[in-house]
Amino acid sequence: MTTVDLKVLDTRMAEQLPAYATPGSAGLDLRACLDAAITLEPGQTTLIPTGLAIHIGDPGLAAIILPRSGLGHKHGIVLGNLVGLIDSDYQGQLMVSCWNRGQTAFVIEPMERIAQLVLVPVVQAAFRVVDDFSDASQRGEAGFGSTGKA
Ligand SMILES: O=c1ccn([C@H]2C[C@H](O)[C@@H](COP(=O)(O)OP(=O)(O)OP(=O)(O)O)O2)c(=O)[nH]1
Ligand SMILES: [Mg+2]
């Protein structure tokens, strides 16, 4: 298991640090560090603090913030940026952009689990500029549905 430095920015979060819910969980739920409930109207997006900061430190890792499937599917609560990317050198508060893409208002309660954080491996590339690619691939320049639908 990898160790990541975590700062508790709001003392209330110390009791509810992110933890894997089951041994096989990929995601750690992030909670809304709010003083009072907020109502997210249909179509509205708001940035919600988590009360936590992490410093991943290793450029070979990053974290992504993803919606929780239950909130997204049943209530239309997803992310305003669709996916959040946490750089390995980011040391600020983890923020969750919550978007109500549904038709009804949704109330976010303080400390409610609103999204999930997944640590992922990253490969940083250096680019070598070439005039032509040396090996012609089977696909070539074809894309955007070129292999058909069914
Ligand atoms: O959902 C998110 C997405 C990003 N971040 C933080 C961590 C990330 O490392 C930083 C920058 O994110 P990103 O690179 O996606 O945003 P940007 O608009 O390109 O900002 P910047 O110019 O600061 O890189 O913001 C969050 O807290 N939550
Ligand atoms: Mg950026």
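Everything numeric in this text was worked out from a predicted model, so none of it was measured. (Residues numbered from 1 in each chain as written. Chains lettered and ligands numbered in written order. Predicted model: local features only at pLDDT ≥ 70, side-chain atom pairs only at ≥ 80, totals over all residues. Heavy atoms only, no water.)

J.: Can you help me understand the overall build of the protein in this one?
T.: Helix and strand counts for the protein stand at 1 helix and 10 strands. In terms of overall size, the protein is more extended than a compact globule, its C-alpha atoms giving a radius of gyration of 19 Å where 150 residues would be expected to give roughly 15 Å. Across the 150 residues of the protein, 29% fall into the buried class. Sequence-distant contacts in the protein: of pairs separated by 6 or more residues, those separated by 24 or more amount to 71%. Across the protein, the centroid of the 10 positively charged side chains sits 9 Å from that of the 15 negatively charged ones. (Helix = DSSP H or I, 4+ residues; strand = E, 2+ residues; numbered from the N terminus. Rg over C-alpha atoms; globule rule 2.2 N^0.38 Å. Buried < 20%, exposed > 50% of the residue type's maximum accessible area, 1.4 Å probe, protein only. Contact = heavy atoms within 4.5 Å. Lys, Arg positive; Asp, Glu negative; His and termini not counted. Charge placed at Lys NZ, Arg CZ, Asp CG, Glu CD.)

J.: How do you make sense of the UniProt feature "domain: dUTPase-like" (unreviewed entry) in the protein when you look at a structure like this?
T.: UniProt's feature table lists "domain: dUTPase-like" (unreviewed entry) at residues 16–148, given in the numbering used throughout. A helix fraction of 5% and a strand fraction of 38% characterise residues 16–148, whose end C-alpha atoms lie 48 Å from each other. (UniProt positions renumbered as here; feature names shortened; annotations may be inferred.)

J.: Explain the site of ligand 1 to me, please; I cannot follow it from the model alone.
T.: By nearness alone, every residue bordering ligand 1 is listed as Ile65, Asn81, Gly84, Leu85, Ile86, Asp87, Tyr90, Gln93, Leu94 and Met95. Interatomic distance of 2.6 Å between a side-chain N/O atom of aspartate 87 and an oxygen atom of ligand 1. A distance of 2.8 Å separates a nitrogen atom of ligand 1 from a polar backbone atom of methionine 95. When ligand 1 sits alone it has 570 Å² of accessible area, and the protein chains cover 49% of it. At the level of secondary structure, the elements contributing two or more residues to the shell around ligand 1 comprise β7 (84–86) and β8 (93–100). The residue makeup of the shell around ligand 1, split by class, is 6 nonpolar, 3 polar and 1 charged. (Near = heavy atom within 4 Å. Polar contact = N/O pair within 3.5 Å; in protein donor to acceptor, adjacent residues only side chain to side chain. Areas by Shrake-Rupley, 256 points an atom, 1.4 Å probe, with all protein chains shown as cover. Nonpolar A, V, L, I, M, F, W, Y, C, P; charged D, E, K, R; others polar.)

J.: Looking at this structure, I do not really get the sheet that holds strand β10 (residues 113–121). What am I missing?
T.: Strands pair in a sheet through their backbones, by hydrogen bonds, and they do so in one of two ways: parallel or antiparallel. In spatial order, the strands read β2-β10-β5-β7; together these 4 strands make up an open sheet with antiparallel pairing. At either end of the open sheet lies a strand with only one pairing partner, and these are β2 (28–31) and β7. Along the sheet, successive strands turn relative to each other by an average axial angle of 30°, direction set aside. In terms of strand pairing, β2 meets β10 through 4 bridges, oriented antiparallel. Residue aspartate 29 lies in a different strand from β10, and its bridge partner there is glutamine 116. (Pairing = 2+ DSSP bridges. Axes fitted to C-alpha atoms, helices over the stretch in contact; angles between N-to-C directions.)

J.: Even after reading the chapter, I still don't get the sheet that holds strand β6 (residues 77–79), so can you show me in this structure?
T.: Strand order across the open sheet formed by 4 strands is β1-β4-β8-β6, with antiparallel pairing between neighbours. In this open sheet, the two edge strands, each paired with only one partner strand, are β1 (5–8) and β6. Averaged over all neighbouring strand pairs, the angle between strand axes comes to 45°, with direction disregarded.

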